[in-house]
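# Residue-level structural notes
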Amino acid sequence: MKKTLLRGVALLAVLATVTCAKVEAQCYFGFLSYSEVLHSMHEYAEVQDKMAQMREEYDKEQDRAEQDLSRQFAEFIDGQSTFSVNIMMKRQKELQQLLEHGLQFKQEARRLLKDTEAELMRPLYAKLDAAIDSVGVEKHFDFVLNTDNNACPFINKEKGEDITEAVRGLLAK
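For the structure given in this document, a descriptive report is provided here.

Thresholds, definitions, all that
Residues numbered from 1 in each chain as written. Predicted model: local features only at pLDDT ≥ 70, side-chain atom pairs only at ≥ 80, totals over all residues. Heavy atoms only, no water. Helix = DSSP H or I, 4+ residues; strand = E, 2+ residues; numbered from the N terminus. Buried < 20%, exposed > 50% of the residue type's maximum accessible area, 1.4 Å probe, protein only. Salt bridge = Lys/Arg side-chain N within 4 Å of Asp/Glu carboxyl O. Pairing = 2+ DSSP bridges. Core = buried A, V, L, I, M, F, W, Y, C linked by side-chain atoms within 4.5 Å. Contact = heavy atoms within 4.5 Å. Axes fitted to C-alpha atoms, helices over the stretch in contact; angles between N-to-C directions. Parallel < 35°, antiparallel > 145°, perpendicular 65-115°, else oblique. Left-handed = near helix turned anticlockwise from the far one by under 90°. Nonpolar A, V, L, I, M, F, W, Y, C, P; charged D, E, K, R; others polar. Lys, Arg positive; Asp, Glu negative; His and termini not counted. Polar contact = N/O pair within 3.5 Å; in protein donor to acceptor, adjacent residues only side chain to side chain. Phe/Tyr/Trp six-rings, centres within 6.5 Å; stacked < 30°, edge-to-face > 60°. Expected span 1.5 Å × (residues − 1). Bend = angle between axes of the 7 residues up to and from the residue.

## Examining the environment of leucine 128
By the secondary structure assignment, leucine 128 is in helix 4 (residues 85-138). Accessibility expressed as a relative area gives 0% for leucine 128, which makes it buried. C-alpha of leucine 128 to C-alpha of tyrosine 34: the two residues are 94 residues apart in sequence and 8.3 Å apart in space.

Encoded structure:
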């Protein structure tokens with residue numbers, strides 16, 4: 001029993017030594033602001049321009065629909081006293097349909113804009129991720145941190161490296 005106990009103690013000592021060695025091992029990492037680099041890409045500006053044009057088109061159409069609704073509502077109010085019951089009900093129904101169509105269009109436009117922006121941004125994210133991977137591999141990092149949204153309020157710059165400019169340089173090629 002003493003031999004088993006001594007073997008167990010020896011095994012624990014070996015495990016403790018290995019664990020301490022792992023804790024003392026040096027981690028080397030990179031860090032950057034993902035959004036800062038993304039926003040500095042020329043493709044990002046192109047996507048934002050396309051999105052602004054699309055928003056403007058949808059806004060113009062929404063304005064046109066609202067003006068049409070306002071015009072028809074004004075005509076309804078002006079003629080309300082002279083309309084027969086059937087015509088008044090028909091006009092009320094038309095106004096209700098215009099209002100519903102306008103709301104549906106607005107919701108659909110929001111969805112389409114969101115989907116289009118995601119589709120346009122997908123290749124930019126892929127390109128940026130590939131550049132980060134490339135710099136990470138080249139510099140033999142254990143990992144790369146994204147510092148956006150104050151995710152890393154403190155970074156020991158002796159153990160990590162700001163790779164913002166390296167990634168930007170790779171993307172500019």
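## A few points about the pattern of salt bridges
Counted according to the given criterion, the structure contains twelve salt bridges. Measuring nitrogen to oxygen at the nearest pair gives 2.4 Å for the salt bridge that ties arginine 71 to aspartate 68. Of the two residues, arginine 71 and aspartate 68 are both situated in helix 3 (residues 42-79); the distance of three residues between them amounts to about one turn of the helix. We classify arginine 71 as partly exposed; its relative accessible area is 41%.

## Focus on the pairing of strand 1 (residues 29-32)
Alternating residues of strand 1 divide into Phe29 and Phe31 and Gly30 and Leu32, and every residue in both groups is buried. Across four bridges, strand 1 lies against strand 2 (residues 143-146) in parallel orientation. Looking across to strand 2, one finds that glycine 30 is bridged to valine 144. In this sheet, strand 3 (residues 160-162) lies alongside strand 1 in parallel orientation, the contact comprising three bridges. For phenylalanine 29, the partnering residue across the bridge sits in strand 3 and is glycine 160.

## Some points on the nonpolar core
Core analysis: the biggest nonpolar cluster contains 19 residues, and Leu38, Met41, Leu124, Leu128, Val167 and Leu171 have the highest contact counts within it. Where this core is concerned, the elements lending two or more residues are helix 2 (34-40), helix 3, helix 4 and helix 5 (164-172). Sequence-distant contacts of leucine 124, that is, excluding residues within four places in its chain, are made with Leu38, Met41, Glu43, Tyr44 and Val47.

## A short note on the packing of helix 4 against helix 5
Interhelical geometry of helix 4 versus helix 5 gives an angle of 120° and a closest axis separation of 9 Å. Classified by the angle between their axes, helix 4 and helix 5 sit oblique to one another. Regarding helix 4 and helix 5, the two cross each other, and that crossing is right-handed. Mapping the contact onto sequence places Lys127, Leu128, Ala131, Ile132, Ser134 and Val135 in helix 4 and Ala166, Val167, Leu170 and Leu171 in helix 5. Class assignment for the residues of the contact of helix 4 with helix 5 results in eight nonpolar, one polar and one charged.

## A word on the side chain of aspartate 148
Summarising the element assignment, aspartate 148 is placed in the loop between strand 2 and strand 3. Despite its burial, aspartate 148 pairs with no opposite charge, the nearest such side chain being arginine 168 at 9.8 Å. Here the side chain of aspartate 148 touches serine 33 through a polar contact of 2.5 Å, side chain to side chain.

## What to know about the packing of aromatic side chains
The geometry of two aromatic rings is summed up by the distance between their centres and the angle between their planes. Tallied over the entire structure, the rule returns six aromatic pairs. On the basis of an interplanar angle of 45° and a centroid distance of 5.1 Å, the ring pair of tyrosine 28 and phenylalanine 141 is categorised as tilted. Separated by 113 residues along the polypeptide, tyrosine 28 in the loop between helix 1 (2-24) and strand 1 and phenylalanine 141 in the loop between helix 4 and strand 2 bring together distant segments of the chain. Look at tyrosine 28 and you get partly exposed, because its relative accessible area is 31%.

## Description of the packing of helix 3 against helix 4
Close contact between helix 3 and helix 4 brings their axes to 10 Å; oriented N to C, the two are set at 180°. Here helix 3 is positioned roughly antiparallel relative to helix 4, judged by the angle of their axes. Within the contact of helix 3 with helix 4, the residues separate by chemical class into 19 nonpolar, six polar and ten charged.

## Concerning helix 4
Counted at 1.5 Å a residue, the expected span for helix 4 with its 54 residues is 80 Å, and the 79 Å between its end C-alpha atoms agrees. At methionine 121, helix 4 is deflected by roughly 35°, the largest bend along its length, and proline proline 123 occurs up to four residues later in sequence. In this structure, the buried side of helix 4 is in contact with strand 1, helix 2, helix 3, strand 2 and helix 5. Looking one or two residues beyond helix 4, the residue adopting positive phi is histidine 140, at roughly 60°.

So, to be careful, I would describe these as geometric facts and stop short of saying anything about function.
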